[in-house]
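These are the residues of each chain, in order.
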Amino acid sequence: MGLIYIIFNQSDYTWFKHDGIWDIPSSVTAELQATKNYLNLLENPQYIHYQSDSCLIVVDDFRHVYKINLSNQGPRDNDLGIFFKSIKDREGSLLGYSNVELTYSNNALSIRVSAPSYVKEGAVSFQYQIKGLMDGWTQWSSDPSMDFPFLPPGRYTVLVRAKDVLGIVSPTLDFSIQIKPPFWQTIWFFVLCGVCVLVLFLIIVKVRERSLKRDKEMLEQKVRERTRTIEEQKETLKKQRDNLEVYNQEILSQKEEIEAQRDEIELQRDQIYKQNDEITQSIAYARKIQSAVMPSKEIVSCILPNYFIVFRPRDIVSGDFYWIGEKDNKIVVVAADCTGHGVPGAFMSMMGVSFINDIVNVEGIVSSSQILENLRQKIITTLWQTGKDGEARDGMDMAVCVYNKDLSQVEYSGAYNPLYIIRKGELIEYKADKMPVGVHPKQDIGFTSHTIDLLPGDNLYIFSDGFVDQFGGPDGRKFMTKPFKHLLASLDGLPPDEQKQALEDTLDGWQGAFDQIDDVLIVGVIVP
């Protein structure tokens, strides 16, 4: 939309200028309506005043004053001449002004016209129409050039006219033009294509007839060969039938022997089922014994009010175990991972629980490093370990924490298994010694003891490697240590039961349909 310029210097008269054309509402006199075109002769009128004596006073942008007498305008010459200056094709060649013919490859047209006007320089506008291609006239434009970069094949009539600043329209100038179609749109081309298609069709028919005749001969030959083959197979089948009758007799005799073997196998299967059930019941009872030797929930709750234990054996019995006890106003917390799992691991765990009971409750040792030292010596002595090549190196990975309630301190020692403390959302890791509780090249070196001051709200975690080594997730990989640390840090501030539930839910979601590969043990304690 163009800019609209409005002047209303005088009541009841409002002048509009839109797209360079002045206008006034139709309610004014015809005399005043006829004068509006004269305003186009002036540069930027700023003031327009209509006097009662049929005079129009106009002040322009340069403060020049003009008076237009409406009653004495005089006769007007309505003839505005227009003529073609040039008509060129795509190659720039000049064309005639009638019956222009262009080829499809040279279908561009450039027209230049001229309409001399002596009223005001550069105040003539033009418009054109192409009959057969356009529905009506174009908008008036001051450009005397008309370029048509592409004209489709056909016959057209080009119409051009001009209009000066006073609204006088010139006679219409016209000429005819024909754009010849390309060769692929001509009648002779379609006829040639039809002939080619017909010839191609006849060739295909002939080739097809020859192919069918050849296929028929081949088929007849195959039928003769197939008939001969069937006769040979018939003789072969007759011989096989005779052989089958002989085999059938042999099979009937073997059937009785197979049935006897089947009955014997079923009897052995039932015996295996019975033995397996007895073994399973024995292992289940062993689980009860293993659970009995570890401290019960009631006992632990009396010693540690704010704790939780995640304990998931891979098999019926577990190679992981925990031990919690109190001696001399010090609480001893142990989380251990024995060599192997299932029944062998369970034997090791029961031996470990028994030895720790003796070390703490009988021998009265409540130092974390000394507990590991004494336990290592008992295991080496009991299993007759010497450290020779080829000898079994059964042992335990273990974390021991001794909590002094009076001093609010914890003494920690570890054999491969670290201690994690979550304090105000940040994880503090205390690394373990890189040797197990058992025979080892560094067994003469004592275990390191860490004494740590605790703050209320601290979360202490000791654990086995079953959680971080569990396969699962969308890629079937291990859970790994770093995500496990982030998980523990995210539990800060939750009560023990909610922390346990969050760990179990995470493990279940991660494991999914994968099998559990190891025993899982996590012991968590919140400092009051």
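My aim in this report is to walk through the structure given alongside it, one point at a time. (Residues numbered from 1 in each chain as written. Predicted model: local features only at pLDDT ≥ 70, side-chain atom pairs only at ≥ 80, totals over all residues. Heavy atoms only, no water.)

**Comments concerning the nonpolar core**
The condition is simple: Here the nonpolar core consists of buried residues drawn from Ala, Val, Leu, Ile, Met, Phe, Trp, Tyr and Cys, with membership extended through side-chain atoms lying within 4.5 Å. For every residue, the accessible area (1.4 Å probe, protein chains only) is compared with the maximum for its type, and the residue is labelled buried under 20%, exposed over 50%, or partly exposed between those bounds. Every residue pair with non-hydrogen atoms within 4.5 Å of one another is taken to be in contact.
Of all hydrophobic cores here, the largest spans 54 residues; its most connected members are Phe321, Val332, Leu375, Met396, Met398 and Val437. Excluding anything up to four places from it in sequence, methionine 398 contacts Phe321, Val334, Ala335, Ala336, Ile356, Leu372, Leu375, Ser413, Gly414, Ala415, Asn417 and Val437. Counting 25 residues, the second-largest nonpolar core is a separate cluster that includes Ile111, Ala115, Val160 and Ile177.

**Overview of the sheet that holds strand E19 (residues 419-423)**
This is how it is decided: Only strands that DSSP links by at least two bridges are regarded as paired with each other. Per the convention used, a helix needs a DSSP run of H or I reaching at least four residues, while a strand needs a run of E reaching at least two, with both numbered from the N terminus. Every angle, taken between N-to-C directions, lies between 0 and 180 degrees, and every axis is a line fitted to C-alpha atoms, over only the stretch in contact when it is a helix.
An order of E14-E25-E22-E19-E20 is seen for the 5 strands of this open sheet, with the pairing classed as antiparallel. Each end of this open sheet is capped by a strand with a single partner; those strands are strand E14 (307-312) and strand E20 (426-430). Taking the axes of each pair of neighbouring strands and ignoring which way they run, one obtains an average angle of 15° across the sheet. Across 5 bridges, strand E22 (residues 459-463) lies against strand E25 (residues 520-526) in antiparallel orientation. Bridge pairing in E25 places leucine 460 opposite valine 525. Each of E19, E20, E22 and E25 is contacted by helix H6 (residues 481-490), which is oriented at about 40° to E19, the strand it contacts most.

**Quick word on helix H5 (residues 368-382)**
Applicable threshold: Expected span, for any helix, means 1.5 Å times one less than how many residues it has.
If you check H5, its first and last C-alpha atoms are 21 Å apart, about what 15 residues at 1.5 Å a residue would give, namely 21 Å. Within H5, the full set of buried residues consists of Ser368, Ser369, Ile371, Leu372, Glu373, Asn374, Leu375, Arg376, Ile379 and Ile380.

**Let's talk about the packing of aromatic side chains**
Here the distance between the centres and the angle between the planes together describe a pair of aromatic rings. Going by this rule: Two rings from Phe, Tyr or Trp (for Trp, the six-membered ring) form a pair when their centres sit within 6.5 Å of each other. Planes less than 30 degrees apart are called stacked, planes more than 60 degrees apart edge-to-face, and all others tilted. The rule for a charge over a ring is simple: NZ of Lys or CZ of Arg within 6 Å of the ring centre, and within 35 degrees of the ring normal.
Applying the stated criterion across every chain, the model contains 12 aromatic pairs. Taking 5.7 Å as the distance between ring centres and 80° as the angle between the ring planes, the aromatic pair formed by phenylalanine 311 and tyrosine 322 counts as edge-to-face. Placement of the pair is phenylalanine 311 in strand E14 and tyrosine 322 in strand E15 (residues 320-327), with a sequence separation of 11 residues. Given the relative accessible area of 26%, phenylalanine 311 is considered partly exposed. Aromatic side chains tyrosine 420 and phenylalanine 463 sit 5.0 Å apart centroid to centroid with 55° between the ring planes, which places their arrangement in the tilted category. Here tyrosine 420 is found in strand E19, whereas its partner phenylalanine 463 is found in strand E22, with 43 residues between them in sequence. Accessibility classification places tyrosine 420 together with phenylalanine 463 in one group, the buried group. Among the aromatic side chains, those forming a connected cluster through ring pairs are Tyr420, Phe463, Phe467, Phe479, Phe484 and Trp510. The ring of tryptophan 137 carries arginine 161 above its face, with NZ or CZ at 4.0 Å from the centroid.

**Describing the layout of surface pockets**
Which entries qualify depends on this criterion: Here a cavity is any set of points on a 1 Å grid over the protein atoms alone where a 1.4 Å probe fits but cannot get out, and a pocket is any open set with protein on both sides within 12 Å along at least 5 of 7 lines; a residue lines the site when it has an atom within 4 Å of a point. Grid points are joined across faces, edges and corners, and a volume is the space filled by probe spheres set on the points. Each residue gets one of three labels, nonpolar for Ala, Val, Leu, Ile, Met, Phe, Trp, Tyr, Cys and Pro, charged for Asp, Glu, Lys and Arg, and polar for the others, Gly among them.
Here the second largest pocket defines a volume of roughly 310 Å³. Around the second largest pocket sit 17 residues that line it, and Lys297, Tyr307, Phe308, Ile309 and Lys500 are the ones nearest its centre. Residue contributions to the lining of the second largest pocket peak at 5 residues, all from E14. Counted by class, the lining of the second largest pocket contains 11 nonpolar, 2 polar and 4 charged residues.

**Observations regarding the pairing of strand E13 (residues 173-179)**
Sheet topology places strand E8 (residues 100-102) next to E13; 3 bridges connect them, and they run parallel. Paired with valine 100 across the bridge in E13 is isoleucine 177. Pairing of strand E12 (residues 154-163) with E13 involves 7 bridges; the strand directions are antiparallel. Across the sheet, residue glycine 154 finds its bridge partner in E13, namely isoleucine 179.

**Comments concerning the pairing of strand E18 (residues 409-415)**
Burial analysis of E18 places 6 of its 7 residues in the buried class, the great majority of the element. Taken together, the 6 bridges between strand E17 (residues 396-404) and E18 define a ladder with antiparallel strand orientation. If you follow valine 402 over to E18, its bridge partner there is glutamate 411. In sequence, E17 turns back onto E18 through a hairpin of 4 residues, with serine 408 there showing a positive phi of about 50°. Here E18 pairs with strand E21 (residues 450-453) via 4 bridges, running antiparallel. Each bridged residue has a counterpart across the sheet, and for glutamate 411 the counterpart in E21 is threonine 451.

**Focus: the pattern of salt bridges**
Selection criterion: For salt bridges, the criterion is a side-chain nitrogen of Lys or Arg within 4 Å of an Asp or Glu carboxyl oxygen.
For the structure on display, the rule yields 13 salt bridges. The salt bridge partner of aspartate 508 is arginine 312, with a shortest N-O separation of 2.6 Å. One end of the pair, aspartate 508, is in helix H7 (residues 496-511); the other, arginine 312, is in strand E14, and 196 residues separate them in sequence. You can call aspartate 508 partly exposed: its relative accessible area is 40%. Between aspartate 458 and arginine 423 there is a salt bridge, with the nearest N and O atoms lying 2.7 Å from each other. Taken together, the residues span a long stretch of sequence, with aspartate 458 in the loop between E21 and E22 and arginine 423 in strand E19 at a distance of 35 residues. Taking the relative accessible area as the measure of exposure, aspartate 458 reaches 2% and is therefore buried. Residues participating in the shared-partner salt-bridge network are Glu429, Lys431 and Lys485.

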